[in-house]
Amino acid sequence: MTQAETIARELGNLTADEQWLQAEIIRLNRRNIVPLEHLKDLHNWLDEKRKARQSCRLVGESRTGKTVACEAYTLRNKPKQEGKQTPIVPVVYIMPPPKCGAKDLFKEIIECLRYRAVKGTVSEFRSRGMEVLKACEVEMLIIDEADHLKPDTFPEVRDINDKLEIAVVLVGTDRLDAVIKRDEQVYNRFRAHRRFGKLAGEDFKKTVTIWEEKVLRLPVASNLTHKDTLKILVKATEGYIGRLDEILREAAIKSLSRGHKKIEKSVLQEVAKEYA
């Protein structure tokens, strides 16, 4: 029995209200990509880098939404394939494992492009990786958590840009900057950068409004931008969009589970307290 069939069977044994609640919980746990203004700006910046085949860095603290932004950009530029021809993949997104060497890097690339990574030497993996990148006409390679790469792997990344004219985007925290600055040639190749920061002021308020309307979509408006509620959210999230998403989803699920049709202030305070 598939997971979908199991869920359907379980829902069939519930009352109408219980079925509605379970369906809402499933929906609220589902990941959404919300078209925020700063996300659009970033995607435009990436478009320009891709057209110019210029490598760059995207740097910011954890929980600021870098990963979601990059995944959304990849989804905007989906692969194209006609019949059995080699697929055209404009943008490749990977997240390498910790302490990633050259072999692991090219293995990630090969498998992301849905080719089989056979056993072999570093040289063989490099050759195969370069071959599939070229065959799929990749224009941009996004490497998330790029500080997972070993120091001697960065020249390999630089060569992908040099030899294939692919724009490589290194994504990470300030730890990434510290690593690449150890090699002047690597640093110069990725000198162009953009910071992905926290939300504040009117941007934070607008984002809360968008989250209530586009993500939560509860039966009754929660008025989350009321000054008292907003104060709770600002303090608990510190402007991190990832944390805002977590808190609002959990508060919504808890409120619904307790019979409310909107996020109650007391429930929001309860959830927010855990992040203090």
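Residues numbered from 1 in each chain as written. Predicted model: local features only at pLDDT ≥ 70, side-chain atom pairs only at ≥ 80, totals over all residues. Heavy atoms only, no water.

Participant: Can you walk me through the overall build of the protein in this structure?
Facilitator: When helices and strands are tallied, the protein shows 13 helices and five strands. A principal-axis box enclosing the C-alpha atoms of the protein has dimensions of 60 × 45 × 30 Å. Taken over 276 residues, the protein has a buried fraction of 44%. Long-range pairs, those at least 24 residues apart, make up 70% of the contacts in the protein between residues at least 6 apart in sequence. Here the protein displays about 15400 Å² of accessible surface, and carbon together with sulfur accounts for 47% of that area. Of note, the protein has its 51 positive side-chain charges centred 0 Å away from the centre of its 43 negative side-chain charges. (Helix = DSSP H or I, 4+ residues; strand = E, 2+ residues; numbered from the N terminus. Buried < 20%, exposed > 50% of the residue type's maximum accessible area, 1.4 Å probe, protein only. Contact = heavy atoms within 4.5 Å. Areas by Shrake-Rupley, 256 points an atom, 1.4 Å probe, with all protein chains shown as cover. Lys, Arg positive; Asp, Glu negative; His and termini not counted. Charge placed at Lys NZ, Arg CZ, Asp CG, Glu CD.)

Participant: I would appreciate a short explanation of the sheet that holds strand β3 (residues 140-143) in the present structure.
Facilitator: Paired through their backbone hydrogen bonds, the strands of a sheet run either parallel or antiparallel. Read across the sheet, five strands follow the order β2-β3-β4-β1-β5 without closing on themselves; strand pairing throughout is parallel. Of all the strands in the sheet, the pair left with one neighbour each is β2 (91-94) and β5 (193-195). Across this sheet, the average inter-strand angle for adjacent strands is 15°, counted without regard to direction. Bridging between β3 and strand β4 (residues 167-172) involves four bridges; their strand directions are parallel. Looking at the pairing, isoleucine 143 lines up with leucine 170 of β4. Relative to β2, helix α5 (residues 102-112) is tilted by about 125°, and along the sheet it contacts β2 and β3. (Pairing = 2+ DSSP bridges. Axes fitted to C-alpha atoms, helices over the stretch in contact; angles between N-to-C directions.)

Participant: What is the right way to look at the domain arrangement of the protein in this model?
Facilitator: Where the parts come together, the accessible area they lose is often given as the size of the interface. Domain assignment breaks the protein into domain 1 (37-195) and domain 2 (199-274). A separation of 34 Å is found between the C-alpha centroids of domain 1 and domain 2. At the interface, six residues of domain 1 touch six residues of domain 2. Here domain 1 and domain 2 share an interface that buries about 480 Å² over both sides, 53% of which is from carbon and sulfur atoms. Its largest share of buried area at the contact with domain 2, domain 1 owes to His38, Glu61 and Arg63, together 80% of the area lost on that side. Across the pair glutamate 246 and arginine 63 runs a salt bridge, and its minimum N-O distance is 2.4 Å. Along the contact surface separating domain 1 from domain 2 lie four residue pairs in polar contact (both at pLDDT 80 or more). Residue composition of the side of domain 1 that touches domain 2, by class: no nonpolar, four polar and two charged. (Domains from an automatic or database assignment. Buried area = accessible area lost by both parts, 1.4 Å probe. Salt bridge = Lys/Arg side-chain N within 4 Å of Asp/Glu carboxyl O. Polar contact = N/O pair within 3.5 Å; in protein donor to acceptor, adjacent residues only side chain to side chain. Nonpolar A, V, L, I, M, F, W, Y, C, P; charged D, E, K, R; others polar.)

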